[in-house]
Amino acid sequence: RAHGGGVAVDASLRTSDPDVFAAGDVAAAHHPLLDTRLRVEHWANALNGGPAAARAMLGQETAYDRVPYFFSDQYDLGLEYSGWAPPGSYDQVVLRGDAGKREFIAFWLRERRVLAGMNVNVWDVTEAIQDLIRAGTKGVQVDPDRLADPSIPLGDVTRP
Ligand SMILES: Cc1cc2nc3c(=O)[nH]c(=O)nc-3n(C[C@H](O)[C@H](O)[C@H](O)COP(=O)(O)OP(=O)(O)OC[C@H]3O[C@@H](n4cnc5c(N)ncnc54)[C@H](O)[C@@H]3O)c2cc1C
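Residues numbered from 1 in each chain as written. Predicted model: local features only at pLDDT ≥ 70, side-chain atom pairs only at ≥ 80, totals over all residues. Heavy atoms only, no water.

### A short note on the pattern of salt bridges
For clarity, the threshold we go by: We define a salt bridge as a contact between a side-chain nitrogen of Lys or Arg and a carboxyl oxygen of Asp or Glu at a distance within 4 Å. A helix here means a DSSP run of H or I that spans at least four residues, while a strand means a run of E at least two residues long, and both kinds are numbered starting from the N terminus. Think of it in three bands: residues with accessible area under 20% of the maximum for their type are buried, residues over 50% are exposed, and the middle band is partly exposed, with areas taken using a 1.4 Å probe on protein chains only.
Applying the stated criterion across every chain, the model contains 4 salt bridges. Between Asp76 and Arg102 there is a salt bridge, with its nearest N and O atoms 2.9 Å apart. With a gap of 26 residues between them, Asp76 in the loop between β4 (69-74) and β5 (77-83) and Arg102 in the loop between β6 (92-98) and β7 (103-110) connect regions that are remote in the sequence. Taking the relative accessible area as the measure of exposure, Asp76 reaches 57% and is therefore exposed. Between Arg134 and Asp131 there is a salt bridge whose closest N-O contact spans 3.3 Å. Taken together, the residues span about one helical turn, with Arg134 and Asp131 both in helix α2 (residues 126-137) at a distance of 3 residues.

### A word on empty space enclosed by the protein
Definition in use: Using protein atoms alone on a 1 Å grid, points that fit a 1.4 Å probe yet trap it form a cavity, whereas open point sets bounded by protein on both sides within 12 Å along at least five of seven lines form a pocket; residues with an atom within 4 Å of a point count as lining. Grid points are joined across faces, edges and corners, and a volume is the space filled by probe spheres set on the points. Classification convention: Asp, Glu, Lys, Arg as charged; Ala, Val, Leu, Ile, Met, Phe, Trp, Tyr, Cys, Pro as nonpolar; all other residues, Gly among them, as polar. How far each domain reaches was decided by an automatic or database domain assignment.
Counting across every chain of the model gives 1 cavity of 30 Å³ or more. Taken as a whole, the largest cavity holds about 30 Å³ of empty space. Forming the boundary of the largest cavity are His31, Leu33, Leu34, Val67, Pro68, Ile133, Arg134 and Thr137. The element that contributes the greatest number of residues to the lining of the largest cavity is α2, accounting for 3 residues. Residue composition of the lining of the largest cavity, grouped by class: 5 nonpolar, 2 polar and 1 charged. Split by domain, the residues of the lining of the largest cavity number at least three in each of domain 1 (7-57) and domain 2 (69-156).

### Concerning the domain arrangement of the chain
Where we set the bar: Only heavy atoms enter the contact rule, under which two residues are in contact if any of them lie within 4.5 Å. When two parts are put together, the accessible area they lose, computed with a 1.4 Å probe and summed over both, is reported as buried area. Here a polar contact is taken to be a pair of N or O atoms separated by no more than 3.5 Å, where protein atoms must pair a possible hydrogen donor with a possible acceptor and residues adjacent in sequence count only if both atoms sit in side chains.
As assigned here, the chain comprises domain 1 (7-57) and domain 2 (69-156). Relative placement of domain 1 and domain 2: their C-alpha centres are 25 Å apart. Taken together, the contact pairs 8 residues of domain 1 with 6 residues of domain 2. For the pairing of domain 1 and domain 2, the buried interface totals around 640 Å² over both sides, and the portion due to carbon and sulfur atoms is 83%. The largest contributions to the domain 1 side of the interface with domain 2 come from Leu33, Leu34 and His42, which together make up 55% of the buried area. The tally of links between domain 1 and domain 2 comes to 0 salt bridges. Here domain 1 is connected to domain 2 by 0 residue pairs in polar contact (both at pLDDT 80 or more). For the side of domain 1 that touches domain 2, the secondary-structure elements that each account for two or more residues are β3 (36-38) and α1 (43-57).

As structure tokens, this is what we get:
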């Protein structure tokens, strides 16, 4: 049992018993990119964790390293959140878009590295946001002014 609840598993979703695996809400998995143990109690994690555990059961080299993600719809507001930015982990929040119109992306940064992003009523940006998060785990920094500028495609933010 993991500290804080859940079944403790490694990055291949295997417990301390090599014949027992856990995926989905119940799994507290070591995340190889974020280097921390996480419980991601959301739909996409349940969808993708099962096949990853199955690959590990079949003896394939498996590291379940998807960027944590969830979606939610609150009346006329739809949002997607990617990454992991618990309280105290970030030193800056950057907004791109118009929060007043409820169409924006919020980014959580630490030392100019993107930890997490949440798109609100803005669509088809999850992949680009997750690319920035993955780059951040490798130490790639962003210019907050470029990140906030909607005229610069997200994919170009880290380019000089
Ligand atoms: C109200 C609500 C709204 C949500 N909205 C969102 C959302 O907007 N976006 C999002 O990303 N996620 C959302 N989620 C979370 C998402 O639904 C869960 O993360 C996902 O369903 C987890 O899937 P799972 O298969 O890991 O667990 P579960 O769906 O909980 O499945 C576990 C299954 O195991 C069974 N079980 C338990 N104990 C035993 C036992 N001893 N023996 C046999 N079977 C057992 C249970 O009956 C259950 O069927 C929401 C959840 C709730 C409750």
